[in-house]
Amino acid sequence: MKRLVEADFRSRDTVALARSLIGKHLVMEKGGEALAFWITEAFDGPDDLACHASKGRTKRTETLFGPPGHWYVYLCYGVHEMLNLVTGPIDYPAAILIRGLKEVSGPGRLTKHLGIDRRFNSRMASLETGLWLEDRGSRIS
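Residues numbered from 1 in each chain as written. Predicted model: local features only at pLDDT ≥ 70, side-chain atom pairs only at ≥ 80, totals over all residues. Heavy atoms only, no water.

## Observations concerning helix H2 (residues 107–114)
One full turn of an α-helix is made of 3.6 residues, so residues set three or four places apart face in the same direction. Applicable threshold: Any residue under 20% of the maximum accessible area for its type is buried, any over 50% is exposed, and the rest in between are partly exposed; the area is computed with a 1.4 Å probe on protein chains only. Put simply, DSSP marks the helices as runs of H or I at least four residues long and the strands as runs of E at least two long, and each gets a number from the N terminus on. Within this analysis, the arc is defined by the directions that extend from the helix axis to the C-beta atoms.
Listed as buried for H2 are Pro-107, Gly-108, Leu-110, Thr-111 and Leu-114. Relative to the axis of H2, the buried residues are bounded by an arc of 160° and lie together on one face. Along H2, the residues that are exposed and aim more than 90 degrees away from the buried face are Arg-109 and Lys-112. Just downstream of H2, Gly-115 is the residue with a positive phi angle, here 75°.

Structure (structure tokens):
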């Protein structure tokens, strides 16, 4: 078991990094819950029109321009919180949407199930913040 840290998320190839994270474990402090997750979307830089940063640097997108290994959480359609992992180096906006868990399908259901909201925005993916990633050497099927 290896806890993934900031250095594991530095990449200019966010799509390749997203593929490498499939099957890793999203772990929450409460009850030590460890769940595999899956990814379907990677947002890579200001030229990616699906990336919030394509509209420029704003207060909302500031986290995307920050260091890798931090969570970017935003409200979608005024209803669902979305959990993303920032992957680019500082000043390069890139992130990976955590889309679901083995037990939970859909990014809105995932955050609701785990109680994740915008309080996690810009927090480091770490033990100290209570939400982190681990590589336990297994893949989801």
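What follows continues from the structure just given.
## Re the pattern of salt bridges
Worth spelling out the cut-off: For this document, the term salt bridge refers to a Lys or Arg side-chain nitrogen within 4 Å of an Asp or Glu carboxyl oxygen.
Per the stated rule, a full pass over the model turns up four salt bridges. Here Glu-62 makes a salt bridge to Arg-57, at a shortest N to O gap of 2.9 Å. Glu-62 sits in the partly exposed class, given a relative accessible area of 39%. You can call Arg-57 partly exposed: its relative accessible area is 45%.

## So, the side chain of Thr-87
Just so we agree on the cut-off: Each polar contact in these results corresponds to two N or O atoms within 3.5 Å; when the atoms are within protein, one needs to be able to donate a hydrogen and the other to accept it, and residues that are neighboring in sequence are counted only if both atoms are side-chain atoms.
Counting through the fold element by element, Thr-87 comes out in the loop between strand E5 (80–86) and strand E6 (94–101). Thr-87 gets classed as buried once you look at its relative accessible area, which sits at 0%. A polar atom in the side chain of Thr-87 sits 3.0 Å from the side chain of Thr-14.

## Observations regarding the nonpolar core
Let me state the cut-off plainly: What is meant by a nonpolar core is a set of buried Ala, Val, Leu, Ile, Met, Phe, Trp, Tyr and Cys residues, joined one to another through side-chain atoms within 4.5 Å.
Core analysis: the largest hydrophobic core is formed by 20 residues, its most contacted members being Leu-26, Trp-71, Leu-83, Leu-110, Leu-114, Ile-116 and Leu-131. Those elements that provide at least two residues to this core are helix H1 (14–21), strand E2 (25–28), strand E4 (71–76), E5, E6, H2 and strand E7 (131–135). Within the second largest apolar cluster, twelve residues are counted, among which are Phe-43, Leu-64, Cys-76 and Val-86.

## A few points about the packing of aromatic side chains
Let me state the cut-off plainly: A pair of Phe, Tyr and Trp rings is counted when the ring centres sit within 6.5 Å of each other, with Trp represented by its six-membered ring. The angle between the planes then sorts it: under 30 degrees is stacked, over 60 is edge-to-face, the rest tilted.
For the structure shown, the criterion picks out one aromatic pair. Summarising the aromatic geometry, the rings of Tyr-72 and Tyr-74 are spaced 5.3 Å apart at their centres and angled 35° between planes, so their arrangement reads as tilted. Accessibility expressed as a relative area gives 2% for Tyr-72, which makes it buried. Overall, the relative accessible area of 11% leaves Tyr-74 in the buried class.

## Concerning the environment of Gly-130
This is how it is decided: What makes two residues a contact is simply this: any of their non-hydrogen atoms within 4.5 Å.
Tracing the chain through its elements places Gly-130 in the loop between H2 and E7. Along the backbone, Gly-130 and Val-27 are 103 residues apart, and their C-alpha atoms lie at a distance of 7.9 Å. The contact partners of Gly-130, leaving out residues within four places of it in the chain, are Val-27, Met-28 and Glu-29.

## Thoughts on the side chain of Glu-81
Structurally, Glu-81 can be placed in strand E5. Of the polar contacts made by the side chain of Glu-81, one reaches the side chain of Arg-118; its length is 3.3 Å. When sequence neighbours within four positions are dropped, the list of residues in contact with Glu-81 reads Val-73, Tyr-74, Leu-75, Pro-107, Gly-108, Thr-111, Ile-116, Asp-117 and Arg-118.

## Some remarks on unusual backbone geometry
At Asp-91, a residue that is not glycine, the phi angle is positive and equals roughly 75°. Unlike most non-glycine residues, Ser-122 shows phi in positive territory, near 75°. Within the element layout of this structure, Ser-122 appears in the loop between H2 and E7.

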